[in-house]
Amino acid sequence: MSMSTEQVMLYTGGRRFVVDDDVVFAELNDEAILLNVTTGIYYGLNALGTEIWGLLAEGVGEDEINLRLFEEYDVTPAQLAADVNEFLS
């Protein structure tokens, strides 16, 4: 697949994340809940957030997450990068 300049720019972040042992993940259909058992803070994830979390749990970095999701969803590279970055922030 030939990539445009905008697409190439999408894959330059390179951040990697480690899932904290205090965070529990429970999937409910296409959505999920994250609970930090130490702080009691929890988050609800939609289908896309659930997919991103699953990739993070596999050790997949930001660049690869963007690449995989871009191939799966009908979205511009800039919008996808913004959405993934918002989730990771």
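What counts and how
One numbering rule holds for all chains: residues counted from 1, following each sequence as written. Where totals are concerned, whole chains, interfaces and linings use all residues; where local detail is concerned, this predicted model gives features only for residues with pLDDT of at least 70, and gives and counts side-chain atom pairs only at 80 or more. Excluding hydrogens and water, the side-chain figures rest on all heavy atoms present in the structure. Here, a salt bridge means any Lys or Arg side-chain nitrogen found within 4 Å of an Asp or Glu carboxyl oxygen. Secondary structure elements are defined from DSSP: runs of H or I of at least 4 residues count as helices, runs of E of at least 2 residues count as strands, and each element is numbered from the N terminus. Each residue gets one of three labels from its accessible area relative to the maximum for its type: buried under 20%, exposed over 50%, partly exposed in between, using a 1.4 Å probe on protein chains only. To get an axis, a line is fitted to the C-alpha atoms, and for a helix only the part in contact is used. The angle between two axes follows their N-to-C directions and goes from 0 to 180 degrees. Here the angle decides the label: under 35 degrees means roughly parallel, over 145 means roughly antiparallel, 65 to 115 means roughly perpendicular, and every other value means oblique. Left-handed is the label given to a crossing in which the near helix is rotated counterclockwise from the far helix by less than a right angle, and right-handed is the label when the rotation is clockwise. Whether two residues are in contact is decided by their heavy atoms: any pair within 4.5 Å suffices. For this classification, Asp, Glu, Lys and Arg are treated as charged, while Ala, Val, Leu, Ile, Met, Phe, Trp, Tyr, Cys and Pro are nonpolar and the rest, including Gly, are polar.

Trainee: How should I be thinking about the pattern of salt bridges in this particular structure?
Mentor: A side chain with one charge may pair with a side chain of the opposite charge, provided their charged atoms come close. Applying the stated criterion to the full structure yields 3 salt bridges. Where glutamate 62 meets arginine 15, a salt bridge forms, and the shortest distance between an N and an O atom there is 2.8 Å. Residue glutamate 62 is found in helix H3 (residues 62–72), and its partner arginine 15 is found in the loop between helix H1 (5–10) and strand E1 (23–28); the two are separated by 47 residues along the sequence. On the accessibility criterion, glutamate 62 (8% relative accessible area) is buried. Given a relative accessible area of 32%, arginine 15 falls into the partly exposed group. Where glutamate 58 meets arginine 68, a salt bridge forms, and the shortest distance between an N and an O atom there is 3.7 Å.

Trainee: Just to check I follow, could you spell out unusual backbone geometry for this structure?
Mentor: Here asparagine 29, not a glycine, exhibits a phi torsion of approximately 60°, which is positive. Here asparagine 29 shows up in the loop between E1 and strand E2 (31–36).

Trainee: Looking at this structure, how should I read the packing of H3 against helix H4 (residues 77–88)?
Mentor: How two helices sit against one another is set out by the angle between their axes and by the gap between those axes. Two numbers describe how H3 lies on H4: the axes approach to 10 Å, and their chain directions differ by 130°. Relative to H4, the element H3 lies oblique. In this structure, the crossing between H3 and H4 has a hand that is right-handed. Each of Glu62, Ile65, Asn66, Leu69 and Phe70 in H3 lies in contact with H4, whose residues at this interface are Pro77, Leu80, Ala81, Val84, Asn85 and Leu88. Per-class residue counts for the contact of H3 with H4 are 8 nonpolar, 2 polar and 1 charged.

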